[in-house]
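Tertiary structure, described
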Amino acid sequence: MKKYFLKICLAVSIITSAQNLEIVPLGVYGGSDESNLSSYLIAEEKTSNYLALDAGTIYSGINKAIEKGTFTNTTIENVLKDNIKGYFISHGHLDHLSGMLINSPEDSSKPIYASKETIEVLKNKYFTNAAWINFANEGESPILNKYQYVYTEIGKAFPILNTHLTGTVYELSHVKPLKSSAILVENNTQAVLYFGDTGADRIEKSDKLKKIWNLMAPKIKSGKLKTFLIEVSFPNSQPDELLFGHLTPNLLNEEMKKLAQLVGKKNMKKLTIIVTHIKPKGNHEQIIKEQLVNNNPYSINYIFPPQGERIILK
């Protein structure tokens, strides 16, 4: 009887400690509008301890989230300083990090998680006296030491400080040989896979996505990983030679076919894809949405995230 009671208590404890993950998009586009560039906050639901997945837009995105009631009883300054516990920067392009740079004078001390290649770009191109000033802990003097570089190892999990989350970084190809990266963010019960800019394996003549699909397949089959944030920058009319390391709806479907071969159609139907980095030129945004929804062979749930609106992952 005692053993049975203990098992019940343990099960209740596990259930009550399970925390859904949430995402707050601070910026969703891949160009044109500097107030709405790639940046997504992720945290456990009902907490305020966020990791920023890229940082193209910060201040304007927080302001939009406050306007929409996503953040209440707070200020832009408090969210920036107190709630954002660190940054993951996928690669060194400005539309993925300019918000962090511009807001660095007003920010608090926190880590920047990135690959060695990305940290070298930050250290040698942006946090320099000629471009800005060095708010990080390495590089040109004077070193202000506000941000601490955390060099992530490909495929090796690490704790995300001041949260209950862990991260694992994987390599992407973004106009080969330029490297970008993805990060798997996990707690005990859920996982989310965020992609920085990436081209399709066939176009990039690479196997980076194939490696990720193989590694993620067991987590998808187990039900822990059901959500991707992945870019679709251009409509299908974009010529291959003008993709510049990005995806179209057709190319995403090409990659999803490979994933389906590993996890099966049944598991594909459980997937949610939050579409990122659309380049909103002319009517391209509407075309991309239609091309994804109308040609959806695996019945994937597509989300086109509005800036500043919270997404709770189930």
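That block above? That's the structure.
These notes cover the structure that comes with them. These numbers were taken from a predicted model, which means no experiment stands behind them. (Residues numbered from 1 in each chain as written. Predicted model: local features only at pLDDT ≥ 70, side-chain atom pairs only at ≥ 80, totals over all residues. Heavy atoms only, no water.)

1. Thoughts on the packing of helix α7 (residues 208-222) against helix α8 (residues 249-263)
- The interhelical angle for the contact between α7 and α8, taken along N-to-C directions, is 45°, at an axis separation of 9 Å. If you check the angle between α7 and α8, you find them oblique. For the pair α7 and α8, the crossing hand works out as right-handed. The residues of α8 that touch α7, namely those facing Leu 209, Trp 213, Asn 214, Ala 217, Ile 220 and Lys 221, are Glu 255, Met 256, Lys 258, Leu 259, Leu 262 and Val 263.
- For the contact of α7 with α8, the residue count by class is 8 nonpolar, 1 polar and 3 charged. (Axes fitted to C-alpha atoms, helices over the stretch in contact; angles between N-to-C directions. Helix = DSSP H or I, 4+ residues; strand = E, 2+ residues; numbered from the N terminus. Parallel < 35°, antiparallel > 145°, perpendicular 65-115°, else oblique. Left-handed = near helix turned anticlockwise from the far one by under 90°. Contact = heavy atoms within 4.5 Å. Nonpolar A, V, L, I, M, F, W, Y, C, P; charged D, E, K, R; others polar.)

2. Examining the pattern of salt bridges
- In this structure the tally under the stated criterion is 17 salt bridges.
- Linking Asp 107 and Lys 110 is a salt bridge whose minimum nitrogen-to-oxygen distance equals 2.7 Å. Lys 110 matches Asp 107 in its accessibility class, with the two residues each being buried.
- For the salt bridge of Glu 171 with Lys 179, the shortest nitrogen-to-oxygen distance reads 3.4 Å.
- Judged by relative accessible area, Glu 171 falls into the buried class, the value being 19%.
- On the basis of relative accessible area, Lys 179 is assigned to the partly exposed category, the value being 35%.
- A cluster of three or more residues bridged by salt bridges with shared partners is formed by Glu 117, Glu 171, Lys 179 and Lys 208. (Salt bridge = Lys/Arg side-chain N within 4 Å of Asp/Glu carboxyl O. Buried < 20%, exposed > 50% of the residue type's maximum accessible area, 1.4 Å probe, protein only.)

3. Let's talk about the sheet that holds strand β14 (residues 311-312)
- With mixed pairing, the 7 strands of this open sheet are ordered in space as β6-β5-β4-β3-β2-β1-β14. The open sheet has two free edges, formed respectively by β6 (147-151) and β14, since each of these has just one partner strand.
- Strand direction decides the pairing type here: strand β4 (residues 84-88) and strand β5 (residues 110-114), joined by 2 bridges, are parallel. Residue pairing for β5: Phe 88 is matched across the bridge by Tyr 113.
- Across the sheet, helix α5 (residues 116-126) is in contact with β5 and β6; its angle to β6 comes to roughly 150°. (Pairing = 2+ DSSP bridges.)

4. So, the pairing of strand β2 (residues 39-44)
- Among the 6 residues in β2, 6 count as buried, and that is most of the element.
- Where burial is concerned, the two faces of β2 agree: the one with Ser 39, Leu 41 and Ala 43 and the one with Tyr 40, Ile 42 and Glu 44 are both buried.
- Sheet topology note: the strand β1 (residues 21-27)/β2 ladder contains 6 bridges and is antiparallel. Across the sheet, residue Gly 27 finds its bridge partner in β2, namely Ser 39.

5. What to know about helix α3 (residues 76-83)
- Within α3, burial applies to Ile 76, Val 79, Leu 80 and Asn 83. Buried residues in α3, looked at end-on, bunch into an arc of 125°, giving them a common side.
- Contacts made by the buried residues of α3 are with β3 (50-53), α2 (59-67), β4, α4 (98-103) and β5. (Arc of directions from axis to C-beta.)

6. Brief notes about the sheet that holds strand β9 (residues 179-186)
- Pairing is mixed in the open sheet, where 7 strands are placed in the order β7-β8-β9-β10-β11-β12-β13. Only two strands of the sheet have a single partner each, and these edge strands are β7 (158-159) and β13 (301-303).
- Pairing of strand β8 (residues 166-173) with β9 involves 8 bridges; the strand directions are antiparallel. From the neighbouring strand, Leu 172 faces β9, where its bridge partner is Ser 180.

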